[in-house]
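Letter by letter, the chains look like this.
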Amino acid sequence: MRLQGDMESTDDELDQSVFENKNGLADDMAFLASMPELCDVTFLVGDTREPVCAVKAVLAARSRVFHKMLYQPPSPQRKKEVIPKETTKLRRPTFLKRSSEPLLNVKNANTQTQSNQHQTVIVDEFEPDVFRQLIEYIHTGCVTLQPRTLLGVLNAADYYGLEDLRKACTGFVQCCINVDTVCALLSSAERYIQYKCTKSLVQKVLEFVDEHGNEVLNLGSFALLPLHVVRLILSRDELKADEFTKFQAALMWTMKYGDTNSNVDWKEVFVENFMSSIQYHKIPANVLMNEVEPLKLVPYEVIMTSLAYQTPPVSIPTN
């Protein structure tokens, strides 16, 4: 609550006061969005088609993308493209696809979308947690940013034209990249790799991994990253990590993979994907013989070559 006034103001100004209760308004809007019977659009989000309710007028006022999606009828050409030839008056298409927009399922619709009609929209582009945060922000102007969903919210904000939220996410990126969050950020990047905002964030995360290589590779969550991400990290010339730590990280990943995929030989997975990523001659000889060789992962000739590489040159007598 805020009261504005000036004891030295004119009489007219003294007769006025400004009362603000933005927190109360945000709470009421959050309650509104949480009550399906008060909403007029339901989004079915992700593979699980999780329902997320909202008020069309609020969405349209805050986002031109939502306004176009929910209030502008599709062009006759577009409708002609999506309606099957055998469609009759008793059979209407279940889904209408608009370019670069989610699928729109109009139930009991006339040719034009009616403003008072409840709509159902399929959203495949984003995960339920991400889309729910987006809808929360649109209705209340407030959202809690978290590393786990940050990349999704960032791309969703860009996708739906919410510039303030996009800027907030971009700013949060600068302070949230640390050893505890780096793997979560990389994992979410896999889901949103096709979006332009992902590329810049992934580059920042990889630069952090390069500088803190040994710490990141020792994380248990590193073993949960997708295979191609692990291979990318281990093969980077900029990665500041010792070779034995890289070997252990690759070993940890393949063993975890073997635990969740019992039909594969994890040793073969290691040889196929990580053998060339490790420079074994940079691993100390005693570590090679005591830690690496007994696992029988690395061919014996590679071990011997690595040991020979480390052997100091000896003097060769000349005649």
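The structure displayed is predicted, hence computed values, not measured ones. (Residues numbered from 1 in each chain as written. Predicted model: local features only at pLDDT ≥ 70, side-chain atom pairs only at ≥ 80, totals over all residues. Heavy atoms only, no water.)

Draft legend 1. Seen up close, the nonpolar core. Residues F43, F66, F131, L165, F222, I233 and F247 are the most contacted members of the largest nonpolar core, which totals 85 residues. I233 has contacts with L186, L206, V209, L217, F222, L225 and L239, leaving out every residue within four places of it along the chain. (Core = buried A, V, L, I, M, F, W, Y, C linked by side-chain atoms within 4.5 Å. Buried < 20%, exposed > 50% of the residue type's maximum accessible area, 1.4 Å probe, protein only. Contact = heavy atoms within 4.5 Å.)

Draft legend 2. Structural context of the pairing of strand β1 (residues 41-45). Most of β1 is tucked away: four of the five residues are buried. Taking the residues that link successive antiparallel strands as the turn, the β1-strand β2 (residues 50-54) hairpin has four residues, and the phi of G46 there is positive, at about 75°. One ladder, built from five bridges, connects β1 with strand β5 (residues 119-123); its direction is parallel. In the sheet register, L44 faces β5, and the bridge partner there is I122. (Helix = DSSP H or I, 4+ residues; strand = E, 2+ residues; numbered from the N terminus. Pairing = 2+ DSSP bridges.)

Draft legend 3. Representation of the packing of helix α15 (residues 285-292) against helix α16 (residues 300-310). Taken N-terminus to C-terminus, the directions of α15 and α16 make an angle of 160°; their axes are 9 Å apart at the nearest point. Classified by the angle between their axes, α15 and α16 sit roughly antiparallel to one another. Handedness of the α15/α16 crossing: left-handed. For the pair formed by α15 and α16, the contact residues are A285, L288, M289 and V292 on the first element and I303, M304, S306, L307 and Q310 on the second. (Axes fitted to C-alpha atoms, helices over the stretch in contact; angles between N-to-C directions. Parallel < 35°, antiparallel > 145°, perpendicular 65-115°, else oblique. Left-handed = near helix turned anticlockwise from the far one by under 90°.)

Draft legend 4. Quick look at a nonpolar patch on the surface. A grouping of M289, Y300 and M304 is seen on the molecular surface, where their side chains present a nonpolar patch of about 280 Å² in accessible area. Here M289 shows up in helix α15. (Patch = residues over 30% accessible without salt bridge, like charges linked within 9 Å, V, L, I, M, F, W, Y side chains within 5 Å. Areas by Shrake-Rupley, 256 points an atom, 1.4 Å probe, with all protein chains shown as cover. Salt bridge = Lys/Arg side-chain N within 4 Å of Asp/Glu carboxyl O.)

Draft legend 5. The arrangement of the state of the cysteines in detail. Scanning the model with the defined rule gives zero disulfides in all. Here C39 stays free of any disulfide, with the sulfur of C53 as its closest cysteine sulfur at 5.0 Å. Residue classification places C39 among the buried positions, given a relative accessible area of 7%. (Disulfide = S-S within 2.5 Å.)

Draft legend 6. Spotlight on the environment of S235. Tracing the backbone shows S235 in helix α12 (residues 227-235). Since its relative accessible area comes to 44%, S235 is described here as partly exposed. Once the C-alpha coordinates of S235 and S277 are considered, the two residues, 42 residues apart in sequence, prove to be 5.5 Å apart.

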